[in-house]
Amino acid sequence: MNKHDRLDAIAKLVNKKGTVRTNEIVDGLNVSDMTVRRDLVELENQGILTKIHGGARSNSTFQYKEMSHKEKHTHQMEEKRYIAKKAISLIEDGDTLFLGPGTTVEILAEEMNHHSLTIITNCLPVYKILLEKQTTNFRVYLLGGEMRHLTEAFVGEMTNTILEKLRFSKMFFSSNGVNNGAVMTSSMDEAYTQQLALEHSIEKYLLIDHSKVGKEDFTSFCHLDDLTAVVMDVTDSEKLDQIKSYIEVVE
C-alpha cells in the first residue's frame, strides 16, 4: 500500500469510528508503529484529525468548538440558500411560525414573501430581517431574555416562560449536528428553548446542510423520529440516505 492510499485508509477509519488507537491501524494496515505515527502527524497537519494519547480523534465527528454567528456565514452558503428556497414551499399564508436561531433560518427569513404570517423567533438576526417586512398582516415578535452572544439567540427563564404560553402551526430550526438520529446543539440553554418550541408546534422542520450529518455536539434536544421532515441539500447522496433512513427529506 502506497502512502497516499494509506493516508486515505487511516482518514476513513478515524472518521468512521470517531476515535481510533494506533495499534488498530498498525494491525489493520500491516504497517509499523513508526509509520502510523508519521502518518498521524501528517493527517493532523492537514486538519483531518487530532492526535490523542495512544491514537487519534476525527475532527469531523464532534463539534468541539461552536462557531460564532459571523463564522457560520462563511460555510455552505450555497447549500443553505437551496435549503431555504425548498423550505419556503412549506409555508402558507395564515401560518403561525416559530423560527429558531441559525444562518439557514436567517436565509429562510430573507426568502419569505408572504402576505399574512405571524412569526415568533428567539433569534435577533432573524427578527431584524423580518422586521423590514412587517405589515398589518405580517407580524413579527422577538422573545426576550438572556442573549447568547455566540449565536445571538435569546434563552433562559424569561424566554421560556413566554414560550410556554405560545402555540405554533409550524417550526423551522437548525442544528450543529445530527448523528444516529439525534439532533444536537452546543448549549443546554438553547437546547431547552428549542425543546419547548418543538413541543408546542404541530409541524416541525429541521433545516440542515450535508456537513452537519454525522457530527455530534454537546447535547441532543430531539430525535429525527419526532419531526415532520428534514429539509436538506443533495450534495452528498450518502449522507442524504442516512437521514432518509429515519424520516422524509424535502430535497
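Everything quoted here is computed from the prediction, not taken from an experiment.

Colleague: Any chance you could explain the overall build of the protein chain here in plain terms?
Modeller: For the protein chain, the count of helices and strands is 10 helices and 15 strands. Summarising its shape, the C-alpha atoms of the protein chain cover approximately 70 × 35 × 30 Å along the three principal directions. The buried share of the protein chain, taken over its 251 residues, is 51%. Long-range pairs, those at least 24 residues apart, make up 59% of the contacts in the protein chain between residues at least 6 apart in sequence. Of the roughly 12,300 Å² of accessible surface on the protein chain, a fraction of 49% belongs to carbon and sulfur atoms. Across the protein chain, the 29 positively charged side chains and the 38 negatively charged ones have centroids separated by 4 Å.

Colleague: For this particular structure, what's the right way to read the nonpolar core?
Modeller: What tends to happen in soluble globular proteins is that the nonpolar side chains get buried as a cluster. In terms of nonpolar packing, the biggest core is built from 28 residues, with Leu99, Leu108, Met112, Leu130 and Phe172 touching the most fellow members. If you list the elements that add at least two residues to this core, you get helix 5 (77–88), strand 4 (96–99), helix 6 (103–111), strand 5 (117–121), helix 7 (124–131), strand 6 (138–142), strand 12 (201–208) and strand 14 (229–232). Those residues in contact with phenylalanine 172, other than ones at most four positions away along the chain, are Ala87, Leu90, Ile91, Leu97, Phe98, Leu99, Gly100, Val105, Leu108, Tyr205 and Leu207. If you look at the next biggest cluster of nonpolar residues, it comprises 26 residues, including Val178, Ala191, Ile208 and Phe221.

Colleague: Before we go on, may I ask you to explain the domain arrangement of the protein chain in this structure?
Modeller: Domains assigned within the protein chain are domain 1 (3–58) and domain 2 (69–245). Centre-to-centre separation of domain 1 and domain 2, based on C-alpha positions: 36 Å.

Colleague: Explain the sheet that holds strand 4 here, please?
Modeller: Paired through their backbone hydrogen bonds, the strands of a sheet run either parallel or antiparallel. Read across the sheet, seven strands follow the order 6-5-4-9-12-14-15 without closing on themselves; strand pairing throughout is parallel. Each edge of the open sheet carries a strand with a single partner, namely strand 6 and strand 15 (249–250). Summarising the sheet, strand 4 and strand 5 pair through four bridges and their orientation is parallel. If you follow leucine 97 over to strand 5, its bridge partner there is isoleucine 119. Along the sheet, helix 5 makes contact with strand 9 (168–173), strand 12, strand 14 and strand 15, crossing strand 14 at roughly 135°.

Colleague: How should the pairing of strand 9 be read in this particular structure?
Modeller: Looking along a regular strand, one sees the side chains alternate between the two faces of the sheet. For strand 9, the tally of buried residues reaches five of six residues, placing the bulk of the element in the interior. As defined by bridge partners, strand 9 adjoins strand 12 across five bridges and the pair is classed as parallel. By the bridge assignment, phenylalanine 173 is partnered in strand 12 with leucine 206.

Colleague: How do you make sense of helix 5 when you look at a structure like this?
Modeller: Taking 1.5 Å of rise per residue, 12 residues should cover 16 Å, and helix 5 covers 17 Å from first to last C-alpha, within 8% of that figure. All of the buried residues in helix 5 are Glu79, Lys80, Ile83, Ala84, Ala87 and Ile88.

Thresholds, definitions, all that
- Residues numbered from 1 in each chain as written.
- Predicted model: local features only at pLDDT ≥ 70, side-chain atom pairs only at ≥ 80, totals over all residues.
- Heavy atoms only, no water.
- Helix = DSSP H or I, 4+ residues; strand = E, 2+ residues; numbered from the N terminus.
- Buried < 20%, exposed > 50% of the residue type's maximum accessible area, 1.4 Å probe, protein only.
- Contact = heavy atoms within 4.5 Å.
- Areas by Shrake-Rupley, 256 points an atom, 1.4 Å probe, with all protein chains shown as cover.
- Lys, Arg positive; Asp, Glu negative; His and termini not counted.
- Charge placed at Lys NZ, Arg CZ, Asp CG, Glu CD.
- Core = buried A, V, L, I, M, F, W, Y, C linked by side-chain atoms within 4.5 Å.
- Domains from an automatic or database assignment.
- Pairing = 2+ DSSP bridges.
- Axes fitted to C-alpha atoms, helices over the stretch in contact; angles between N-to-C directions.
- Expected span 1.5 Å × (residues − 1).

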